[in-house]
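Each chain, letter by letter, is given below.
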Amino acid sequence: MPEVAAAHAEVREVLHVPADEAVFEPLPHNPRNGVTAGLWRVTGGGRCAVLKVLTRTQESGVAWSESNDPRHRNFWRREAYVHRTGLAGVWQRHGIRAPRLLEYVERPDGDVALWLEDVPGEPATAWAFTGHVDHAHCLGAAQGAIGPGEDAPWLSHSFLRDHTSRKTTGEERLDDDEAWRHPLIRRHFPPGLREDMVRLHHDREWFLTVMESLPRALSHLDQRPANVLSGGPGTSVLLDWAFTGDGALGEDLGTYLPECVFGLYVPAADLPGLAKAAYDAYVHGLLGSGRRGDERLVRLGVCASAVKYHWLTALMLERADEEPVAHDGEGTVPAEVRHRETGRTLAFLAEWAAEARMLAPLLGFPEAPSGR
């Protein structure tokens, strides 16, 4: 591949071995994102590194096109800036760090090569309950101490609004009685879920406005177990900082928790207990690092984050006949399992949405629309 050929000139600098002694192992990454040209583990001479190539010249047809706008959610150089400026290290003393940047290369073709530490820690996809709770505590401590941070011109803004506005696949199915009668949907989507999720979809502007009005925090905005590793006792290593920017306090946690189930790393039946323990740990971290304010605003940020998944019900209706279902970029999973776990998680998110509608007026926000 061209990216691998271009890397041969960089191998000696990073691994201190001739290029022909290096082995390039492709690593999973999101092929729908036009920013990433490739991801490899590169070994040689007893050393190892991860090579990530960022590009603005990805072939057409990707779902997430790269952007040259520094505020855009998919600004193609953002992750390079995060590492080169040291921003990736601001949370380190609170237990969350990024892989160390070993080498940064501006290539003649305009691409950027990031040579990163290959972290050996256990992925969060295999963590026990307590690992996720500990990560939530570290996240709360980090966001409580750092706050919104410096408003660098390349940090993303309006990520949640931009992200949700793209999600339109199958939305016409929300009003399709036949789609809701599909056997998978009838078995695994609890009674009342149709009304709840259709309302969430129609109320998305209200939710987005609330999220944009809450206290701010420097946010990773792609917090999910596939992007987290153990970095040793009390430490998490957070990967893929490409979306980093302005977010609501609690928004990162509001993503991480449902993603534990959507990725099939935590059973949906365990989500309520995990969410309570993780939220308590997050708040404890916030308070321990000096963040002050009405805790209900934090709770509102977590609960209103449910809007991030307003589109998922429509997608599940659209794909009810697919068997098996692609899973997290690697392999497949039976549709029965996917719909069971997703249905339970959507019901949990509906509870979050209901709590957000109740909390918001108490905190001075306009009441949510009363219905469709």
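Scroll up a little and you will see the structure.
Note that residues are indexed from 1 along each chain, following the sequence as it is written. Note on the predicted model: pLDDT of at least 70 is required for a residue's local features to be given, and 80 or more for side-chain atom pairs to be given and counted; whole-chain, interface and lining totals, by contrast, use all residues. Note that the side-chain values use all heavy atoms of the structure and ignore hydrogens as well as water.

## Brief notes about the nonpolar core
Here, the term nonpolar core denotes a set of buried Ala, Val, Leu, Ile, Met, Phe, Trp, Tyr and Cys residues that are joined through side-chain atoms within 4.5 Å. Here's how the labels work: a residue is buried when its accessible area is under 20% of the maximum for its type, exposed when over 50%, partly exposed in between, all with a 1.4 Å probe on protein chains only. Grouped together as the largest cluster of nonpolar side chains are 92 residues, with contacts concentrated most on Trp 91, Phe 207, Leu 253, Leu 257, Leu 300, Leu 312 and Trp 352. In this structure, Ala 7, Val 17, Ala 22 and Ala 37 belong to the second largest nonpolar core, which totals 16 residues.

## Concerning the side chain of Ser 156
By secondary structure assignment, the location of Ser 156 is in the loop between α3 (129-146) and α4 (159-165). A 3.5 Å cut-off defines polar contacts: any pair of N or O atoms within that distance qualifies, except that in protein one atom must be a possible hydrogen donor and the other a possible acceptor, and neighbouring residues in sequence count only when both atoms are side-chain atoms. A distance of 2.6 Å separates a polar side-chain atom of Ser 156 from the backbone oxygen of Phe 243. The residues touching Ser 156, leaving out its near neighbours within four places in the chain, are Arg 71, His 72, Arg 73, Arg 78, Leu 221, Phe 243, Thr 244, Gly 245 and Asp 246. Only runs of H or I of at least four residues qualify as helices and only runs of E of at least two qualify as strands under DSSP, and these elements are numbered from the N terminus. In what follows, a contact means two residues having at least one pair of non-hydrogen atoms within 4.5 Å.

## Looking at the packing of helix α11 (residues 295-304) against helix α13 (residues 335-362)
All axes here are fitted lines through C-alpha atoms, helices being fitted over the stretch that makes contact, and every angle between N-to-C directions spans 0 to 180 degrees. Two elements in contact, α11 and α13, have axes whose closest approach is 8 Å; the angle formed by their N-to-C orientations is 145°. Relative to α13, the crossing made by α11 is left-handed. Each of Arg 296, Arg 299, Leu 300, Val 302, Cys 303 and Ala 304 in α11 lies in contact with α13, whose residues at this interface are Trp 352, Ala 353, Glu 355, Ala 356, Leu 359, Ala 360 and Leu 362. Three residue categories are used. Nonpolar comprises Ala, Val, Leu, Ile, Met, Phe, Trp, Tyr, Cys and Pro, charged comprises Asp, Glu, Lys and Arg, and polar comprises the others, including Gly. Partitioning the contact of α11 with α13 into residue classes produces 10 nonpolar, no polar and three charged. In this scheme the crossing of two helices becomes right-handed for a clockwise turn of the near helix relative to the far one and left-handed for an anticlockwise turn of less than a right angle.

## Examining the packing of aromatic side chains
Whether two aromatic rings pair depends on their centres lying within 6.5 Å, for rings of Phe, Tyr and Trp, where Trp uses its six-membered ring; planes under 30 degrees apart make the pair stacked, over 60 edge-to-face, and the rest tilted. In total, this model carries eight aromatic pairs according to the counting rule given. Relative to Tyr 81, the ring of Phe 75 has its centre 6.1 Å away and its plane inclined at 20°; by these criteria the two rings are stacked. You can call Phe 75 buried: its relative accessible area is 7%. Arranged with centres 5.5 Å apart and planes meeting at 15°, the rings of Tyr 81 and Trp 154 form a pair that is stacked. In this pair, Tyr 81 sits in helix α2 (residues 78-84) while Trp 154 sits in the loop between α3 and α4, placing the two residues 73 residues apart along the sequence. Since its relative accessible area comes to 30%, Tyr 81 is described here as partly exposed. Taking relative accessible area as the criterion, Trp 154 reaches 11% and is therefore assigned buried. Taken together through their ring pairs, the aromatic side chains of Phe 75, Tyr 81 and Trp 154 make up a single cluster. Look at NZ for Lys and CZ for Arg. If either is within 6 Å of the ring centre and within 35 degrees of the ring normal, a charge sits over the ring. Above the plane of the ring of Tyr 104 lies Arg 84, whose end atom (NZ or CZ) is 3.9 Å from the centre.

## Overview of the sheet that holds strand β1 (residues 23-26)
Strand pairing within a sheet occurs via backbone hydrogen bonds; the two strands may be parallel or antiparallel. At least two bridges found by DSSP between two strands are what make those strands a pair. As summarised here, the arrangement of the five strands in space is β1-β2-β3-β6-β5, forming an open sheet in which the pairing is antiparallel. Since the sheet does not close on itself, it has two edges, and those belong to β1 and β5 (101-106), each with one partner. Sheet twist, expressed as the mean angle between neighbouring strand axes with direction ignored, is 25°. In this sheet, strand β6 (residues 112-117) lies alongside β5 in antiparallel orientation, the contact comprising five bridges. Paired with Glu 103 across the two strands is Trp 115, which belongs to β6.

## Here's the deal with α13
By definition here, a helix of n residues has an expected span of 1.5 Å times n minus one. Compared with an ideal rise of 1.5 Å per residue, which puts 28 residues at 40 Å, α13 spans 41 Å between its outermost C-alpha atoms and is within 8% of the ideal. Two residues or fewer past α13, Gly 364 is found with a positive phi of approximately 95°.

## Quick look at the pairing of strand β2 (residues 36-44)
Within a regular beta strand, the side chains point alternately toward one face of the sheet and then the other, so they alternate between its two faces. Counting buried positions over the nine residues of β2 gives seven, a clear majority of the element. Two strands pair when backbone bridges link them, and β1 and β2 are joined in this way by four bridges, in the antiparallel orientation. Across the sheet, Pro 26 pairs through a bridge with Trp 40, a residue of β2. Bridge count between β2 and strand β3 (residues 47-54): eight bridges; the pairing is antiparallel.

## Here we look at the packing of helix α10 (residues 271-288) against α11
Interaxial distance between α10 and α11 falls to 11 Å at its minimum, and their mutual angle equals 135°. Compared by their axis directions, α10 and α11 come out oblique. α10 and α11 meet at a crossing whose hand is right-handed. Contact residues: Tyr 279, Tyr 282, Val 283 and Leu 286 in α10; Glu 295, Val 298, Arg 299 and Val 302 in α11. Considering only residue class, the contact of α10 with α11 consists of six nonpolar, no polar and two charged. The labels follow the angle: roughly parallel below 35 degrees, roughly antiparallel above 145, roughly perpendicular from 65 to 115, and oblique for the rest.

## Topic: the sheet that holds strand β9 (residues 236-238)
The sheet built from three strands is open, its strands ordered β4-β9-β8 with mixed pairing. If you trace the sheet from one side to the other, it starts and ends with β4 (96-97) and β8 (228-230), each paired once. Bridge count for β8 against β9 is three bridges, and the pairing is antiparallel. Looking at the pairing, Val 228 lines up with Leu 238 of β9.

## What about the pattern of salt bridges?
A pair is scored as a salt bridge if a Lys or Arg side-chain nitrogen falls within 4 Å of a carboxyl oxygen belonging to Asp or Glu. In this structure the tally under the stated criterion is 24 salt bridges. When the shortest N-O distance is used, the salt bridge between Arg 97 and Glu 117 registers 3.0 Å. Of the two residues, Arg 97 is situated in strand β4 and Glu 117 in strand β6; the sequence distance between them amounts to 20 residues. Glu 117 matches Arg 97 in its accessibility class, with the two residues each being buried. Through salt bridges with shared partners, one network takes in Glu 25, Arg 41 and Asp 118.

Taken by themselves, the reported measurements are silent on function.
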